[in-house]
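Chain by chain, the residues run as shown.
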Amino acid sequence: MSWRESRLAHRLGLTVPIVQGPFGGGLSSPVLAATVSNSGGLGSFGAHQLTPDQIGRVAEEIRALTDGPFALNLWVGDRDPEGDHLTDRALEWLRPYCQELGLEMPKTPERYGQLFEEQIPALLEASPAVFSFVYGIPSRQILEECRNREIFTLGTATSEKEAVALEQAGVDAVVATGLEAGGHRVSFLEKAENCLMGSMSLIPRVVDRVTIPVIAAGGIADGRGIVAAMALGADAVQIGTAFLACHESAAPQVHREALFSEQAATTVLTRAFTGRLARGLANRLSREQPPLAYPAQAWITGYLKRAAILQGRTDLMSLWAGQSAPLIRHHNAADLITSLRQEVDKAYSAIRPIQVN
Ligand SMILES: Cc1cc2nc3c(=O)[nH]c(=O)nc-3n(C[C@H](O)[C@H](O)[C@H](O)COP(=O)(O)O)c2cc1C
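It should be emphasised that the depicted structure is a prediction, and the values quoted were computed from it without experimental measurement.

Turning our eyes to something else, we now look at the overall build of the protein. What the protein contains, in helices and strands, is 13 helices and 11 strands. By the compact-globule yardstick of 21 Å for 357 residues, the protein fits well, its C-alpha radius of gyration being 20 Å. The principal-axis extents of the C-alpha atoms in the protein amount to approximately 65 × 45 × 40 Å. Classification of the 357 residues of the protein by burial places 56% in the buried group. Contacts in the protein between residues far apart in sequence, at least 24 positions, make up 67% of those at least 6 positions apart. For the protein, the accessible area works out to roughly 15,600 Å², and carbon and sulfur atoms hold 49% of it.

In the vicinity of the ligand there are 23 residues, among which N73, G219, Q238, G240 and T241 approach most closely. A distance of 2.8 Å separates an oxygen atom of the ligand from a polar atom in the side chain of Q238. Compared with its free state, where it exposes 610 Å², the ligand has 94% of that area covered by protein. Those elements that place two or more of their residues in the shell around the ligand are β3 (70-75), β9 (236-239) and α10 (241-244). The residue makeup of the shell around the ligand, split by class, is 11 nonpolar, 11 polar and one charged.

Judged by which residues are buried, strand β8 (residues 214-217) turns out to be covered on both faces: V214 and A216 on one side and I215 and A217 on the other are all buried. As paired elements, strand β6 (residues 173-177) and β8 share four bridges and run parallel to each other. Considered in β8, the bridge of V175 is made with I215. Note: β8 against β9, three bridges, orientation parallel. Directly across from A216, in β9, lies its bridge partner V237. In this fold, β8 hands off to helix α9 (residues 223-231), which returns the chain to β9; that crossover is right-handed.

This next bit is on helix α7 (residues 160-169). Among the residues of α7, E160, E162, A163, V164 and L166 are the ones counted as buried. The elements touched by buried residues of α7 are β4 (130-134), β5 (152-157), β6 and α8 (199-207). G170 occupies a position one or two residues after α7 and carries a positive phi of about 100°.

With that settled, the discussion passes to the environment of V58. Summarising the element assignment, V58 is placed in helix α3 (residues 52-65). Along the sequence, V58 and Y97 sit 39 residues apart, while their C-alpha atoms lie 33 Å from each other. Leave out the neighbours within four places in its chain, and V58 touches F45, L50 and L72.

Moving on, we get to α9. Within the sequence span of α9, burial applies to G223, G225, I226, V227, A229 and M230. Of the residues trailing α9, G233 is marked for its positive phi of about 110°.

Glancing now at the packing of aromatic side chains. This structure, assessed with the given rule, holds seven aromatic pairs. Between W75 and Y135, the aromatic rings sit 5.0 Å apart at their centres with planes inclined by 55°, giving tilted as the arrangement. One end of the pair, W75, is in strand β3; the other, Y135, is in the loop between β4 and α6 (140-148), with 60 residues separating them in the sequence. Its relative accessible area of 9% is what places W75 among the buried residues. Between W75 and Y294, the aromatic rings sit 5.4 Å apart at their centres with planes inclined by 35°, giving tilted as the arrangement. A residue pair is termed long-range when its members are at least 10 positions apart, and W75 in strand β3 and Y294 in the loop between β11 (278-281) and α12 (296-310) qualify at 219 residues. In terms of burial, W75 and Y294 fall into one category: buried. Here the aromatic residues W75, Y135 and Y294 are joined through ring pairs into a cluster of three or more. One Lys or Arg, R276, reaches over the ring of Y135 and ends 4.2 Å from the middle of that ring.

Here we have eight strands laid out as an open sheet, ordered β1-β9-β8-β6-β5-β4-β3-β2, and parallel in their pairing. Strands with a single pairing partner mark the edges of an open sheet, and in this sheet they are β1 (18-20) and β2 (43-46). Each strand axis lies, on average, 25° off the axis of its neighbour in the sheet, ignoring direction. Pairing of β5 with β6, which is carried by four bridges, proceeds in the parallel orientation. Across the sheet, the residue bridging to G155 is V174, located in β6. Packing against the sheet, α7 makes contact with β4, β5 and β6, and its axis sits at approximately 160° to β5.

Packing of helix α2 (residues 30-38) against α3 leaves a shortest axis separation of 9 Å and a crossing angle of 40°. Between α2 and α3, the angle falls in the class oblique. You can see that α2 and α3 cross each other, and the crossing is right-handed. Of the residues in α3, those touching α2 at P30, V31, A33, A34 and N38 are E61, I62 and L65.

Here we take up the pattern of salt bridges. This structure, assessed with the given rule, holds 16 salt bridges. The partner of R95 in a salt bridge is E92, and the shortest N-O contact between them spans 3.3 Å. Here R95 pairs with E92, and both are found in helix α4 (residues 88-101), just three residues apart, close to one helical turn. E118 is the partner of R111 in a salt bridge, and the nearest nitrogen-oxygen pair spans 3.2 Å. Overall, the relative accessible area of 36% leaves R111 in the partly exposed class. Linked by salt bridges that have partners in common, E100, R284, R313 and D315 make up one network.

The rules behind the values
- Residues numbered from 1 in each chain as written.
- Predicted model: local features only at pLDDT ≥ 70, side-chain atom pairs only at ≥ 80, totals over all residues.
- Heavy atoms only, no water.
- Helix = DSSP H or I, 4+ residues; strand = E, 2+ residues; numbered from the N terminus.
- Rg over C-alpha atoms; globule rule 2.2 N^0.38 Å.
- Buried < 20%, exposed > 50% of the residue type's maximum accessible area, 1.4 Å probe, protein only.
- Contact = heavy atoms within 4.5 Å.
- Areas by Shrake-Rupley, 256 points an atom, 1.4 Å probe, with all protein chains shown as cover.
- Near = heavy atom within 4 Å.
- Polar contact = N/O pair within 3.5 Å; in protein donor to acceptor, adjacent residues only side chain to side chain.
- Nonpolar A, V, L, I, M, F, W, Y, C, P; charged D, E, K, R; others polar.
- Pairing = 2+ DSSP bridges.
- Right-handed = clockwise from strand over helix to strand, strands pointing away.
- Phe/Tyr/Trp six-rings, centres within 6.5 Å; stacked < 30°, edge-to-face > 60°.
- Lys NZ or Arg CZ within 6 Å of the ring centre and 35° of its normal.
- Axes fitted to C-alpha atoms, helices over the stretch in contact; angles between N-to-C directions.
- Parallel < 35°, antiparallel > 145°, perpendicular 65-115°, else oblique.
- Left-handed = near helix turned anticlockwise from the far one by under 90°.
- Salt bridge = Lys/Arg side-chain N within 4 Å of Asp/Glu carboxyl O.

Written out as structure tokens, the structure is:
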């Protein structure tokens, strides 16, 4: 059987079992999602920072560019305790950075970030082929509503315990994400620091515990990574950083350039940017102790980021990236998919199936 005929590919009508990982933080784009879906994979859009109206508009924009299936992604756990408070200590932390960037101190918003429960009706209304989510499990009612609307559900696990919980709740497939992955460490049963398993261990451990399809994420940037993940039992793969580096993503140019530079050699897991543990390129801000919890910390560093991008100050902005960033070669999403497909086709034709008792 060809690697392309995976359960996920069959269920969603994909010609390659490759998912473009969703990006929060304004880095997803309808063009990227549609390009991947038009190339036979599953494009995704990270919508956790969008208002309900914006979610509907993004779905329309993607549909105008592709007839293929796509995923919309939300964060179930949308705030941490104390994540809604801007303290005096945080303002003191922020002041020197504002001075350095020539910025006024920000006015505090009425609310930090969006609420999952307000976003979900808009997502259901938009009815994407796939609803993918992180930081928890939606309620039984929401999952049932997805089934009624034939929306395929895709939960994310950083441990086998989380994968089992997702399967038991009735989620259709699980993304097993290793610590190599770029972006947030999306643990929900335990502290993220206690769920730092690499893909080489996590994939087979999850595969051995669940019967739903397992999609491997974290550290996959070329055909070798796909072959390895599938040899470990994954049904499909989800790739983030390599798509983020393509010109179709909404990552600022300075971020994409950094992914192709020597700076890409060193990534760190840090709470500095958002208050939650996440992987990005090491820089000055990544070494800070965050004064606030999520989402307030994300809001204050987001305020700095807008000015930092304009001034080319990559030391004062998040530069999300996974550990395999130095393996990236493509600037164009369709070329990336073609090259992944060819590399894996070649490897699979050379592999003889191994018989085990
Ligand atoms: C900038 C960035 C933002 C991300 N935001 C989200 C998100 O909002 N939701 C989500 O499910 N995954 C998110 N991820 C994870 C990716 O979708 C994907 O699983 C991960 O990047 C795979 O690992 P890799 O970067 O090693 O390819 C993000 C990753 C990056 C790099």
